[in-house]
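Take a look at the letters that make up each chain.
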Amino acid sequence: MKLFPVLALLVLFMSLCNMLNRNTSQSNTNSNSGNANSSTTTTTGGGSSSTAMSEDEKHKLFQAAGMTRDQATILEVTRRVGLTNENNMPSDSYQDFVKAHMNWAIKNADFIREVSTPEKAKEYVAKHK
């Protein structure tokens, strides 16, 4: 029975990686199109910077965001925890964090069950972003 949460996590993880890879390709195409617009990322919702969050809090928020299945939420959270920049390009810490997240997830199956539906996950993200 413990295998199901791990398998669900792996499917979610692969979906997140695919989504970020698509955004990376799309962002590269957009940046090569001569678009001179730039944007500045600001923290929304009165939240603090990613450095003020513990690693556990970052993993929880990342996990919950993925469980929402909402691309805008996922992208907002990956920026919030410092995994992507304002152009949704992976940061230097992205790969290490994702590798660590797999180990974190195995040890935190109870939390994953707490945010196991998109509704519960959205509620968690809204309270913690």
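Please refer to the structure higher up on the page.
Right, let's walk through the structure included here. Given the structure is predicted, the values throughout are model-derived calculations rather than measurements.

## Re the overall build of the protein chain
Helix and strand content of the protein chain: six helices and zero strands. Overall, the protein chain shows an N-to-C arrangement of helices and strands of α-α-α-α-α-α. Sorting the 129 residues of the protein chain into buried and exposed places 36% on the buried side. Looking at the protein chain alone, contacts between residues at least 24 apart form 70% of all its contacts between residues at least 6 apart. In the structure as shown, the protein chain presents an accessible area of about 8000 Å², 51% of it carried by carbon and sulfur atoms.

## Some points on the environment of A126
With respect to the element layout, A126 can be found in helix α6 (residues 118-128). Separated by 53 residues in the primary sequence, A126 and T73 place their C-alpha atoms 9.5 Å from one another.

## Side note on helix α3 (residues 71-80)
Along α3, the positions that sit buried rather than exposed are T73, I74, L75, V77, T78 and R80. A positive phi of about 85° marks G82, the residue just after α3.

## Some points on helix α2 (residues 55-68)
An ideal rise of 1.5 Å per residue puts 20 Å on 14 residues; α2 measures up with 20 Å between its terminal C-alpha atoms. For α2, the buried fraction is high: 10 of the 14 residues fall into the buried class. Residues of α2 that are buried include every one of K58, H59, L61, F62, Q63, A64, A65, G66, M67 and T68, and no others. One or two residues past the end of α2 sits R69, with phi positive at roughly 65°.

## What to know about the pattern of salt bridges
One pass over the structure, following the stated rule, counts five salt bridges. Across the salt bridge formed by K60 and D56, the nearest N and O atoms sit 3.5 Å from each other. Placement of both K60 and D56 in helix α2 is noted, with a separation of four residues, approximately one turn of the helix. The partner of E76 in a salt bridge is K129, and the shortest N-O contact between them spans 3.4 Å. With E76 in helix α3 and K129 in the segment after α6, this residue pair connects regions lying 53 residues apart in the sequence. Here K129 falls in the partly exposed class, since its relative accessible area comes to 34%.

Calculation criteria
- Per chain, residue numbering runs from 1 following the sequence as it is written.
- In view of the model being predicted, local features appear only for residues whose pLDDT reaches at least 70, and side-chain atom pairs are presented and counted only at 80 or more, with totals across whole chains, interfaces and linings using the full set of residues.
- Heavy atoms throughout the structure, all of them, feed into the side-chain values; hydrogens and water do not.
- The secondary structure listing takes helices from DSSP runs of H or I that are at least 4 residues long and strands from runs of E that are at least 2 residues long, numbered from the N terminus.
- The buried label applies to any residue whose accessible area, calculated with a 1.4 Å probe on protein chains only, is under 20% of its type's maximum; exposed applies above 50%, and partly exposed to all values in between.
- Only heavy atoms matter for contacts: two residues are in contact if any of them lie within 4.5 Å across the pair.
- Only the protein chains shown count as cover for residues, with accessible areas throughout obtained via the Shrake-Rupley method and a probe of 1.4 Å.
- A helix is expected to span 1.5 Å multiplied by its residue count minus one.
- By definition here, a salt bridge exists when the distance from a side-chain nitrogen of Lys or Arg to a carboxyl oxygen of Asp or Glu is within 4 Å.

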